[in-house]
Amino acid sequence: MFDLKKHIRPNILALQPYSSARDEFTGKEGIFLDANENPFGEMNRYPDPYQNDLKNRLAQLKNVRKEQIFIGNGSDEIIDLAFRIFCTPGQDKVLTFSPSYGMYEVSANINNVELIKVPLDENFQIDLTNLQAYWKDSNIKLLFICSPNNPTGNCLNRKAIEYCLLNFDGLIIIDEAYADFSSEESWVNQVEKYPNLLVTQTFSKAWGLAAARVGIAYSNVEVLHYFNKVKPPYNVSTLNQNAALQALNNIDLFEAQKNILLQERQKLTQALSELPFIQKVYPSDSNFILIKVEDANWLYQQLVEANIIIRNRSKLIENCLRISVGTPKENKVLLDAINTIFVETQTLK
Ligand SMILES: *Cc1c(COP(=O)(O)O)cnc(C)c1O
């Protein structure tokens, strides 16, 4: 049995949250003289603190209840809120896998919380035996599972995740920033089944709104109660809420762009696999591809000189580079550049 209250920091349990003017009166009509706003202009009013229009639309689309949705200023805000709600600084700990998304570690460090990084196996999958040592540590409050995983690109095994959900006594955050690019089923519709599950998604990747900073958490009402309690009252601006709503109202564009990116991922994977000095092209469920080469630092630098910026991940995984899938034209320029680099090194030899 997951006892949520046991895992919430005592000061958060006791917290009297800020009550905004818009919390006390939620009607839309009236003369608003309650929030010291400027009565003139277009952007003069504070945003809806609970993003109701956006949540209604998402609830329809994802087949969840509105109360199961939380909106953050990017999913990075949601990650940070999880630390602040669950982890007492200098005392509690958090689990994740390695290699994975760097923000878990940065957020852990900011909050003075120890992050334990459990290595993934050689196929970048969860090795449950590596986790055994940690199940019983009552100071471990969170487990971050990034699936599809950044920077490896693959989804983590469903059965292994399920095992974690059933055996870990703490909140499990499944980071699905790239789920739109994956053919695997999302965990969003499992949040009622597992009381310790929170799933994050984002408008920053497939929805094309990285500039707007809108992240989504799906969980049960009990867990989200604390996120609503701790979040800054007006954490998502009206501009950003509207940008996300507009994107949701243009699903055709979303689908069209996603299909191009999936086709390009396939083409790029194929073309990269055929290049002689690329040792491995890892299969991807995301909009990026991880490759292993002989000398990652060298190829990275060569591409920078050709004005093409990819992500050097060789400090995380030996000689690995991460390439985001671009437009068809950008991908062609990349492949041509790699070919040119290859031909030039051949003639030098
Ligand atoms: C890009 C990314 C995000 C997105 O974060 P936002 O703050 O929503 O832009 C979240 N998680 C992972 C693993 C990512 O790669």
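Below or above, wherever it landed, is the structure these notes cover. Per chain, residue numbering runs from 1 following the sequence as it is written. The predicted nature of this model means local features are confined to residues of pLDDT at least 70 and side-chain atom pairs, given and counted, to a pLDDT of 80 or more, with totals for whole chains, interfaces and linings taken over all residues. Based on all heavy atoms of the structure, the side-chain values leave hydrogens and waters out of the count.

1. Examining the site of the ligand
- Only a single heavy atom is needed: when it lies within 4 Å of a molecule or strand, its residue is near that molecule or strand. The ligand sits among 13 residues. The nearest are Ser75, Tyr178, Thr202, Ser204 and Lys205.
- N or O atoms closer than or at 3.5 Å make up a polar contact, with two conditions inside protein: a donor-capable atom paired with an acceptor-capable one, and, for residues adjacent in sequence, both atoms drawn from side chains. A distance of 2.6 Å is found between an oxygen atom of the ligand and a side-chain nitrogen or oxygen belonging to Tyr178.
- Arg213 is positioned such that a nitrogen or oxygen atom in its side chain is 2.6 Å from an oxygen atom of the ligand.
- Taking 390 Å² as the accessible area of the ligand by itself, protein coverage stands at 94%.
- Gly is put with the polar residues, along with every residue not named as nonpolar or charged; the nonpolar set is Ala, Val, Leu, Ile, Met, Phe, Trp, Tyr, Cys and Pro, and the charged set is Asp, Glu, Lys and Arg. Per-class residue counts for the shell around the ligand are four nonpolar, five polar and four charged. Method for areas: the Shrake-Rupley scheme with a 1.4 Å probe, in which residue coverage is limited to the protein chains shown.

2. Some points on the pairing of strand S8 (residues 278–281)
- Strand pairing follows a simple DSSP-based rule, namely that at least 2 bridges must link the two strands. What counts as a helix is a DSSP run of H or I of at least four residues, what counts as a strand is a run of E of at least two, and both are numbered from the N terminus. Pairing geometry for S8 and strand S9 (residues 288–293), over three bridges, is antiparallel. Looking across to S9, one finds that Val281 is bridged to Ile291.

3. Brief notes about the side chain of Asn149
- Mapped onto the elements, Asn149 comes out in the loop between strand S4 (140–146) and helix H8 (158–167).
- Exposed residues in this analysis have more than 50% of their type's maximum accessible area, buried residues have under 20%, and partly exposed residues fall in between, with area computed by a 1.4 Å probe over protein chains only. Here Asn149 falls in the buried class, since its relative accessible area comes to 1%.
- Within the structure, the side chain of Asn149 is placed 2.8 Å from the side chain of Ser100, a separation counted as a polar contact.
- A distance of 3.1 Å separates polar atoms of two side chains, one belonging to Asn149 and the other to Thr152.
- We call two residues in contact when some of their heavy atoms are within 4.5 Å. When near neighbours in sequence (up to four residues on either side) are disregarded, Asn149 contacts Pro99, Ser100, Leu120, Asn154, Leu156 and Phe288.

4. A closer look at the sheet that holds S8
- The strand order across the open sheet built from four strands is S8-S9-S11-S10, with neighbouring strands paired in antiparallel fashion. Each edge of the open sheet is held by one strand with a lone partner, namely S8 and strand S10 (311–312).
- Packing against the sheet, helix H11 (residues 251–273) makes contact with S8, S9 and strand S11 (320–324), and its axis sits at approximately 5° to S9.
- Angles here are taken between N-to-C directions and fall from 0 to 180 degrees, while the axes themselves are lines fitted to C-alpha atoms, restricted in helices to the stretch in contact. Strands in contact with helix H12 (residues 296–305) are S9, S10 and S11; relative to S11, the strand with the most contacts, it is inclined by about 35°.

5. Some details on unusual backbone geometry
- Following Ser147, the chain continues into Pro148 via a peptide bond in cis, with omega recorded as -5°.
- Omega for the peptide link from Asn150 to Pro151 comes to 15°, which places this bond in the cis form.
- The phi torsion at Asn307 lies on the positive side, around 70°, for a residue other than glycine.
- Its place among the elements puts Asn307 in the loop between H12 and S10.

6. Points about the pairing of strand S3 (residues 114–119)
- Pairing between strand S2 (residues 93–98) and S3: six bridges, direction parallel. Counterpart to Val94 in the pairing with S3 is Leu115.
- Whether a crossover is right-handed comes down to one check: with the strands pointing away from the viewer, does the path from the first strand over the helix to the second run clockwise; if it does, it is right-handed. In this fold, S2 hands off to helix H6 (residues 103–110), which returns the chain to S3; that crossover is right-handed.

7. Looking at the packing of aromatic side chains
- Pairing of aromatic side chains requires ring centres within 6.5 Å, counting the rings of Phe and Tyr and the six-membered ring of Trp. Pairs whose planes differ by under 30 degrees are stacked, by over 60 edge-to-face, and all others tilted. The final tally for this structure, using the stated rule, is 13 aromatic pairs.
- With a centroid separation of 5.0 Å and 80° between ring planes, the pair formed by Tyr178 and Phe288 is classed as edge-to-face. Here Tyr178 is found in the loop between strand S5 (171–175) and strand S6 (197–202), whereas its partner Phe288 is found in strand S9, with 110 residues between them in sequence. Like Tyr178, the residue Phe288 is buried in the burial classification.
- Between Phe203 and Trp207, the aromatic rings sit 5.7 Å apart at their centres with planes inclined by 45°, giving tilted as the arrangement.
- In this scheme, the term charge over a ring applies when either NZ of a lysine or CZ of an arginine sits within 6 Å of the ring centre and within 35 degrees of the ring normal. Positioned above the aromatic ring of Trp187, the side-chain terminus of Arg158 is 4.0 Å from the ring centre.
- Here the guanidinium or amino end of Arg322 rests over the ring plane of Phe288, the centre of that ring lying 5.5 Å away.

8. So, the packing of helix H4 (residues 52–62) against helix H10 (residues 238–248)
- Here H4 crosses H10 at 30°, and the two axes come no closer than 9 Å. Taken together, the axes of H4 and H10 are roughly parallel relative to one another. Considering the relative orientation of H4 and H10, their crossing is left-handed. Of the residues in H10, those in contact with Asp53, Leu54, Arg57, Leu58 and Leu61 of H4 are Gln241, Ala244, Leu245 and Leu248.
- Here the residues of the contact of H4 with H10 are counted per class, giving six nonpolar, one polar and two charged. Any angle that is under 35 degrees is reported as roughly parallel, and any over 145 degrees as roughly antiparallel; angles of 65 to 115 degrees are reported as roughly perpendicular and all others as oblique. Handedness of a crossing is defined here by the sense of rotation of the near helix relative to the far one, left-handed for an anticlockwise turn of less than a right angle and right-handed for a clockwise turn.

9. Comments concerning the pattern of salt bridges
- For salt bridges, the criterion is a side-chain nitrogen of Lys or Arg within 4 Å of an Asp or Glu carboxyl oxygen. Inspection of the entire model under this criterion finds 11 salt bridges.
- The partner of Lys141 in a salt bridge is Asp92, with the nearest N and O atoms 3.2 Å apart. Separated by 49 residues along the polypeptide, Lys141 in strand S4 and Asp92 in the loop between helix H5 (75–86) and S2 bring together distant segments of the chain. Summarising the burial analysis for this pair, Lys141 and Asp92 share the class buried.
- Asp137 is the salt-bridge partner of Lys93, the closest N and O atoms lying 2.8 Å from each other. Of this pair, Lys93 sits in strand S2 while Asp137 is found in the loop between helix H7 (128–131) and S4, placing the two residues 44 residues apart along the sequence.
- On the basis of relative accessibility, which here comes to 23%, the residue Asp137 falls in the partly exposed class.
- What you see here is one network of salt bridges that share partners, running through Arg65, Glu67 and Glu192.

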